[in-house]
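Inside the fold
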Amino acid sequence: MKKLEDRRLPDKIDYTAIEGLRLEARQKLSRIRPRNLGQASRVSGVSPADVAVLMVYLKQREGK
């Protein structure tokens, strides 16, 4: 869990543009705007698979 708390999410992240996130997760994350993956993982309606998609998205952004 500590690793998820340390993993910050960009302030201007567009959750609607991230492929692989379920519709409910996109809507809730866009509304709540969590600061890190730990907070995102605790949002009702965001599944572990959605968190995994976010981790992959962040790794891909780092590579660019």
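Residues numbered from 1 in each chain as written. Predicted model: local features only at pLDDT ≥ 70, side-chain atom pairs only at ≥ 80, totals over all residues. Heavy atoms only, no water.

A look at unusual backbone geometry
Unlike most non-glycine residues, R33 shows phi in positive territory, near 55°. By the secondary structure assignment, R33 is in the loop between α2 (23-32) and α3 (37-41). For R33, a relative accessible area of 33% translates into the label partly exposed. (Helix = DSSP H or I, 4+ residues; strand = E, 2+ residues; numbered from the N terminus. Buried < 20%, exposed > 50% of the residue type's maximum accessible area, 1.4 Å probe, protein only.)

Remarks on the confidence of the model for the protein chain
Low pLDDT marks regions whose predicted coordinates should not be analysed in detail. When pLDDT is averaged across the protein chain, the result is 95; 98% of the residues are at 70 or more. Within the protein chain, no element has a lower average pLDDT than helix α1 (residues 2-6), which sits at 88, and none a higher one than α2, at 98. (pLDDT = per-residue confidence, 0-100.)

Examining α2
Turning to α2, its buried residues are A25, K28 and L29. Across the axial projection of α2, the buried residues extend over an arc of 100°, all falling on one side. Every exposed residue of α2 that faces more than 90 degrees away from the buried side is listed here: L23 and R31. Those residues of α2 that are buried are in contact with α3 and α4 (48-63). One or two steps after α2, the chain reaches R33, where phi turns positive at roughly 55°. (Arc of directions from axis to C-beta. Contact = heavy atoms within 4.5 Å.)

Quick notes on the pattern of salt bridges
Tallying each qualifying case throughout the model produces six salt bridges. For R42, the salt bridge is made with E5, and the minimal N-O distance between the two is 2.5 Å. Here the residue R42 occupies a position in the loop between α3 and α4, and E5 occupies one in helix α1, the gap between them amounting to 37 residues. With its nearest N and O atoms 3.8 Å apart, the salt bridge here joins R22 to E24. Overall, the relative accessible area of 35% leaves E24 in the partly exposed class. Via salt bridges that share partners, R22, E24, K28 and D50 belong to a single interconnected network. (Salt bridge = Lys/Arg side-chain N within 4 Å of Asp/Glu carboxyl O.)

Quick notes on the nonpolar core
Y15, I18, L21, L29, L37 and L54 are the most contacted members of the largest nonpolar core, which totals 16 residues. The set of elements that each furnish at least two residues to this core consists of α2, α3 and α4. Among the elements that line this core, the one with the most residues is α4, at four residues. Residues within four places of Y15 in sequence aside, it is in contact with L9, L21, R26, L29, S30, R33, P34 and L54. (Core = buried A, V, L, I, M, F, W, Y, C linked by side-chain atoms within 4.5 Å.)

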